[in-house]
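The lines below spell out each chain.
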Amino acid sequence: MTSKQVVQPTSPSSTAIAPPQAVAIKDSPAVERALNRSKIYLLFSWSLLYPEDEEFLDYLQCGEFVEDGRAALDGLRLALDGIGGDRASQKIALMKKQFDQIEKLVSAECVNWQIGDLQTEHRRVFTNVITLDCPPYETLFGNDHVFAQSHVMGDIAGFYKAFGVELSKDVHERLDHLSVELEFMHFLTYKESYSRCHDGIDKTEIVVDAQKKFIKNHIGRWVPLFCRMLAKKSDTGLFKLIADCMSEWMDFEVAFLGVTVQPYSEADYRPATFNAPEGQTYECGAQDKGNELSMLLSEVGAESFLDQKEKEKDGGDKGQGPVGTA
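Residues numbered from 1 in each chain as written. Predicted model: local features only at pLDDT ≥ 70, side-chain atom pairs only at ≥ 80, totals over all residues. Heavy atoms only, no water.

*Asks:* Sorry if this is basic, but what is going on with the packing of helix α6 (residues 146-162) against helix α8 (residues 201-234) here?
*Replies:* Relative orientation and spacing of two packed helices are given, respectively, by the angle between their axes and the distance between those axes. Running from N to C, α6 and α8 cross one another at 165 degrees; their axes reach a closest spacing of 12 Å. One element, α6, and the other, α8, form an angle in the roughly antiparallel class. Our pair here, α6 against α8, has a crossing hand that is left-handed. On α8, the residues that touch Val152, Asp155, Ile156, Phe159 and Tyr160 of α6 are Ala210, Lys213, Phe214 and His218. Here the residues of the contact of α6 with α8 sort into 6 nonpolar, 1 polar and 2 charged. (Axes fitted to C-alpha atoms, helices over the stretch in contact; angles between N-to-C directions. Helix = DSSP H or I, 4+ residues; strand = E, 2+ residues; numbered from the N terminus. Parallel < 35°, antiparallel > 145°, perpendicular 65-115°, else oblique. Left-handed = near helix turned anticlockwise from the far one by under 90°. Contact = heavy atoms within 4.5 Å. Nonpolar A, V, L, I, M, F, W, Y, C, P; charged D, E, K, R; others polar.)

*Asks:* Is there a simple way to explain unusual backbone geometry in this structure?
*Replies:* For residues other than glycine, phi is negative in most cases, and the peptide bonds are mostly trans. At Asp81, a position not held by glycine, the phi torsion is positive, near 55 degrees. By the element assignment, Asp81 lies in the loop between α3 (64-79) and α4 (85-108). Unusually for a residue other than glycine, Asp235 sits at a positive phi of about 70 degrees. On the basis of relative accessibility, which here comes to 53%, the residue Asp235 falls in the exposed class. (Buried < 20%, exposed > 50% of the residue type's maximum accessible area, 1.4 Å probe, protein only.)

*Asks:* Can you walk me through the packing of helix α1 (residues 29-48) against helix α7 (residues 178-198) in this structure?
*Replies:* Taken N-terminus to C-terminus, the directions of α1 and α7 make an angle of 160 degrees; their axes are 8 Å apart at the nearest point. One element, α1, and the other, α7, form an angle in the roughly antiparallel class. Along this stretch, α1 crosses α7, giving a crossing that reads as left-handed. Note on element contacts: α7 touches α1 through Leu178, Ser179, Leu182, Glu183, Met185, His186, Thr189, Tyr190, Glu192, Ser193, Arg196 and Cys197, opposite Ala30, Val31, Ala34, Leu35, Arg37, Ser38, Tyr41, Leu42, Phe44, Ser45 and Leu48. Taken together, the residues of the contact of α1 with α7 break down into 13 nonpolar, 6 polar and 4 charged.

*Asks:* What am I meant to see in the pattern of salt bridges here?
*Replies:* Within the structure shown, the criterion is met by 17 salt bridges. For Asp251, the salt bridge identified is with Lys91, shortest N-O distance 3.3 Å. Taken together, the positions of Asp251 in helix α9 (residues 238-257) and Lys91 in helix α4 put the pair 160 residues apart, joining distant regions of the chain. Asp244 is paired through a salt bridge with Lys240; the nearest N and O atoms lie 2.6 Å apart. Separated by 4 residues within a single helix, Asp244 and Lys240 lie in helix α9, roughly one turn from each other. Classification of Asp244 by relative accessible area gives partly exposed; the value is 24%. With a relative accessible area of 23%, Lys240 lands in the partly exposed category. Several salt bridges share partner residues, and in doing so they unite Arg37, Glu192, Arg196 and Glu253 into one network. (Salt bridge = Lys/Arg side-chain N within 4 Å of Asp/Glu carboxyl O.)

*Asks:* For this particular structure, what's the right way to read the packing of aromatic side chains?
*Replies:* For any pair of aromatic rings, the description rests on two quantities: the centre-to-centre distance and the angle between the ring planes. The full count for this structure, using the stated rule, is 16 aromatic pairs. Here the aromatic rings of Phe159 and Phe214 are separated by 5.0 Å at their centres, their planes lie at 70 degrees, and the arrangement is edge-to-face. Of this pair, Phe159 sits in helix α6 while Phe214 sits in helix α8; the two residues are 55 residues apart in sequence, bridging distant segments of the chain. Phe159 gets classed as buried once you look at its relative accessible area, which sits at 0%. (Phe/Tyr/Trp six-rings, centres within 6.5 Å; stacked < 30°, edge-to-face > 60°.)

*Asks:* Looking at this structure, I do not really get the environment of Glu103. What am I missing?
*Replies:* Locating Glu103 in the fold gives a position in helix α4. We classify Glu103 as partly exposed; its relative accessible area is 35%. When the C-alpha positions of Glu103 and Leu60 are compared, they lie 8.9 Å apart, and in sequence the two are 43 residues distant. Not counting the four nearest positions on each side in its chain, Glu103 is found in contact with Val66 and Arg70.

Put into structure tokens, the structure is as follows:
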């Protein structure tokens, strides 16, 4: 499978990550676990992006989306080796049933869709402008003040920078969009598989620790609530099934990695409100032309936050791990 690249290395010297099917897999359950987790993250990441062309629709209609999901879950189950206990095993079983539901939906409805139908369904759920019903942006969760948004945005940017990745110019989205964050986890888990084959235990531990911190401080906190909101907003259809499946996946990851997360609840959902610059509107998906990274960082104050981070790190060793608060 190929997809639109959401995050990409910032320079040729950065570690290049090839598609999972291109790697020579060593006989190691840990490598298998990392590769299959990477595949699941990529499936969810791609499914939430606004479909600008027919690539994802073709992938869905030909059955490969479901086939790849099932194969990744089967491979993960076989290599699990008791990690995460009964909870992790139960989540895999539940997700396989949900992929069955996605297959039925595709056969009954999506098989006849044109690209316009998928775009219409995406707009029905997410709309063309940022909606507070189920916004796919982390900084709108649990941050009822613009300065809190700035801190979270700066921390996310710090993770990306620490691992030498940046937003692709082909994807007009914010760095706190769920698709971007999920593809970053795809990148980290694939990097783990590569590290286990080539780099040794020390570098592998850095990558695994980054996964734990990113889940504890970011996606593990807001994605469970987002999934409930998405399921409620979509009510039926593809994105309802994606939301249910992704919710189980987040439970699996928390159990698998053994992290303690404090997820947001409905009572915690108090998004900050701030005035956009005069004449500026905010849109998501393919229509979003004003949501470039530099504009967003300036809007929420994260540029100054990152500048402060750089001053604090002056003279320090850069690139030796993610910026996090765990």
